[in-house]
There are 2 protein chains.
Amino acid sequence: MYDLVIIGGGPAGFSASLTARKRNLKTCIIYPKENNSWLTKIKKIDNYLGLINMSGSDMLTLFENQAKDMGVEFHNGVVQKIIHNNKTFIISIGEDYIETKKIIIATGIKKPYQLKNENKFLGKGISYCATCDGMFYKNKTIAILDELHNKDEIDFLVSIAKKVYLISDYPYSFKDTNIEILKGKIKSIEGDNKINYINIDDKQYNIDGFFIFRKTIALKELISDLELQNNFIKVNKEMATNIPNIYAAGDCTGEPLQIAKAVGEGNIAAISASLE
Amino acid sequence: MYDLVIIGGGPAGFSASLTARKRNLKTCIIYPKENNSWLTKIKKIDNYLGLINMSGSDMLTLFENQAKDMGVEFHNGVVQKIIHNNKTFIISIGEDYIETKKIIIATGIKKPYQLKNENKFLGKGISYCATCDGMFYKNKTIAILDELHNKDEIDFLVSIAKKVYLISDYPYSFKDTNIEILKGKIKSIEGDNKINYINIDDKQYNIDGFFIFRKTIALKELISDLELQNNFIKVNKEMATNIPNIYAAGDCTGEPLQIAKAVGEGNIAAISASLE
């Protein structure tokens, strides 16, 4: 059980992690193994106070080491779901679950693309979390869109479902006979009240469920009762969201999309999380 | 004429200065020659992202150099007054005046001590600015409380007044005959509707005006129509104060009193100042 889990490995998340440790919180920071912070793409940053003309990836390495030295724990993975559990939260990351008292969302603003009709079938056959929803598809036919290359999750679904269509470019090998690997492009998701089939290239595949494993999860998928404002997370001055014990910091709370602003908000969010 | 003047040489001020330059604003930062940021007193800081276990004074040196490299201009001194001037502001610093379109107040929270009855005689004989109010005391008797050791300002007042009592421990030498240096402790300021005399140790000195030159100026003295809330400057999400074109950042806007929060707010304030 953690006091605080921080979701996101950018400036806001790392800044929050330092202050949380300073306040003696047992703290875990979660982000994908290949950190997808936009910082990785910046060659030279010249307006973050204290670091002079450093590249974004050098900054991230420095931040990681600083957080490790402060005793922050790390977990690599994509958070798929935040689940309310009485007075704590359960966070699902692939097949792992982590329990925490408080959360800081610092996921940045990278928005996942959407497939045609994806929104329409949310909760009607589309899922982003094998561990959460897998059992609903026992002995049924499902498709998996695989961008995460997490074989354990795919194996889990293969062990449950009657038939699995895996849409992936990754060179997997499976011994199971109920899985078929497809390399085409998903054109659309179709159905009436629930999913009936997906179109891949020009071919139609009848399915009962569709698991989408992406590097980025939309905020509304992460936790559905989180209040947004113009696509950003709504926070007050203490960086608290509308959900008690969940805070947010950095680009996901709105403009300006700047390192210094993110670092400041991470600091405030961690202090708020340490109070009460 | 500057686009932006930043008052205060702490993390908020320096962070604002970098972003202001990045946005191409002609920018000046003003703080006392002996920087009075509380950072100077901190031996080891371990929760500012990117700088590991650095002392506050090393941080300030790094910040200064970074700002200089970005083309920020520096002015050493204590700002005594912000004066509205149609669409610009005039900032008085000792005998200097600087004109600017916008201002960021980043003065921290150091509060000046007050003498007994000091508040009572504001605008009734007490002044913090020789250049602003000196001429009101032509051929009159004044006292000067000298903590800044700015001889030019004292000389200016000596040239105007009939008689000057200078309360100072500094080893000055004056050729003028109308100045008397006193080494005692000011016990109180007395008068009816306006100042009549001050008590130094057990002796009474009749005066018409009293100039107080301190290292820190109270916000209400700096600019009287600035809206405060619990002694902090009231700002909105864009770090704008109630006065158009004046922004604030850092400890002076409220808790948490942390470097990261100050750096973030400085960044936001500079971006706001660069818009419009």
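In what follows, the structure referred to is the one given above.
Residues numbered from 1 in each chain as written. Chains lettered and ligands numbered in written order. Predicted model: local features only at pLDDT ≥ 70, side-chain atom pairs only at ≥ 80, totals over all residues. Heavy atoms only, no water.

(A) Looking closely at the sheet that holds strand E14 (residues 209-213) of chain B. All names here are of chain B. The five strands lie next to each other as E7-E14-E8-E9-E10, forming an open sheet whose pairing is parallel. Each end of this open sheet is capped by a strand with a single partner; those strands are strand E7 (126-127) and strand E10 (179-182). Relative to strand E9 (residues 163-167), strand E8 (residues 141-146) runs parallel, the two being bridged by five bridges. Paired with Ala143 across the bridge in E9 is Tyr165. (Pairing = 2+ DSSP bridges. Helix = DSSP H or I, 4+ residues; strand = E, 2+ residues; numbered from the N terminus.)

(B) Highlighting the pattern of salt bridges. Residue and element names in this part refer to chain A. Summed over the entire model, instances satisfying the criterion amount to 16 salt bridges over all chains. Glu265 is the partner of Lys261 in a salt bridge, and the nearest nitrogen-oxygen pair spans 3.3 Å. A residue pair is termed a helical-turn pair when its members lie 3 or 4 positions apart in one helix, as Lys261 and Glu265 do in helix H6 (residues 259-274) at four residues. Comparing Lys261 with Glu265, the two get one shared label, buried. (Salt bridge = Lys/Arg side-chain N within 4 Å of Asp/Glu carboxyl O. Buried < 20%, exposed > 50% of the residue type's maximum accessible area, 1.4 Å probe, protein only.)

(C) Fine view of the interface of chain A and chain B. The interface of chain A with chain B comprises 28 residues on the first partner and 28 residues on the second. Note on chain A versus chain B: buried area summed over both sides is about 2,600 Å², and carbon and sulfur give 63% of it. Among the residues chain A hides against chain B, the three largest losses belong to Asp46, Leu49 and Gln66 of chain A. Together they make up 26% of the total. The salt bridge partner of Lys22 of chain B is Asp46 of chain A, with a shortest N-O separation of 2.7 Å. Scanning the region where chain A abuts chain B turns up 15 residue pairs in polar contact (both at pLDDT 80 or more). Contributing elements (two or more residues each) for the side of chain A that touches chain B: helix H1 (11-22), helix H2 (56-69) and H6 of chain A. Ranked by residue count, the leading element in the side of chain A that touches chain B is H6 of chain A, at seven residues. (Contact = heavy atoms within 4.5 Å. Buried area = accessible area lost by both parts, 1.4 Å probe. Polar contact = N/O pair within 3.5 Å; in protein donor to acceptor, adjacent residues only side chain to side chain.)

(D) A look at unusual backbone geometry. Between Glu255 of chain A and the following residue, Pro256 of chain A, the backbone shows a cis peptide bond with an omega angle of -5°. Here Pro256 of chain A is to be found in the loop between strand E17 (246-248) and H6.

(E) Representation of the packing of aromatic side chains. Here the structure, examined in full by the defined rule, presents 19 aromatic pairs over all chains. Look at Phe211 of chain A and Phe213 of chain A: their rings are 6.2 Å apart centre to centre, the planes differ by 50°, and that puts the pair in the tilted class. By relative accessible area, which is 0% here, Phe211 of chain A ends up buried. Geometrically, the ring pair formed by Tyr165 of chain B and Tyr205 of chain B is edge-to-face, given 4.9 Å between the ring centres and 65° between the ring planes. Pair noted here: Tyr165 of chain B is in strand E9 and Tyr205 of chain B is in strand E13 (residues 203-206), with a separation of 40 residues, a long-range link. (Phe/Tyr/Trp six-rings, centres within 6.5 Å; stacked < 30°, edge-to-face > 60°.)

(F) Expanded view of the packing of H6 of chain A against helix H6 (residues 259-274) of chain B. Taken N-terminus to C-terminus, the directions of H6 of chain A and H6 of chain B make an angle of 140°; their axes are 7 Å apart at the nearest point. It follows from the interaxial angle that H6 of chain A and H6 of chain B lie oblique. Handedness of the H6 of chain A/H6 of chain B crossing: left-handed. Contact residues: Ala260, Lys261, Val263, Gly264, Asn267 and Ile268 of chain A in H6 of chain A; Ala260, Lys261, Val263, Gly264, Asn267 and Ile268 of chain B in H6 of chain B. (Axes fitted to C-alpha atoms, helices over the stretch in contact; angles between N-to-C directions. Parallel < 35°, antiparallel > 145°, perpendicular 65-115°, else oblique. Left-handed = near helix turned anticlockwise from the far one by under 90°.)

(G) Just the relation of the copies chain A and chain B, in detail. Of the transformation placing chain A onto chain B, the axial shift is 0.0 Å and the rotation is 180°, giving an RMSD of 0.1 Å. One copy is carried onto the other by what is essentially a two-fold rotation axis. Among all residues of chain A, the minimum C-alpha distance to the rotation axis is found for Gly264 of chain A, at 2.2 Å. A shared binding surface is used by both copies, with 100% of the interface residues of chain A retained as interface residues in chain B. (Least-squares fit on C-alpha atoms with pLDDT ≥ 70 in both.)

(H) Quick look at the environment of Asp225 of chain B. Relative to the elements of secondary structure, Asp225 of chain B occurs in the loop between helix H5 (219-222) and strand E15 (228-229). On a C-alpha basis, the gap between Asp225 of chain B and Asn242 of chain B in space is 8.4 Å, while along the polypeptide they are 17 residues apart.

(I) Main features of the sheet that holds strand E12 (residues 195-200) of chain B. Residue and element names in this part refer to chain B. What the three strands build is an open sheet, ordered E11-E12-E13; its pairing is antiparallel. Pairing within the sheet leaves two strands with one partner each, and these edge strands are strand E11 (186-191) and E13. Across the sheet, the axes of successive neighbouring strands diverge by a mean angle of 25°, strand direction being ignored. Two elements, E12 and E13, share four bridges in a ladder whose sense is antiparallel. The residue of E13 that forms the bridge with Ile198 is Tyr205.

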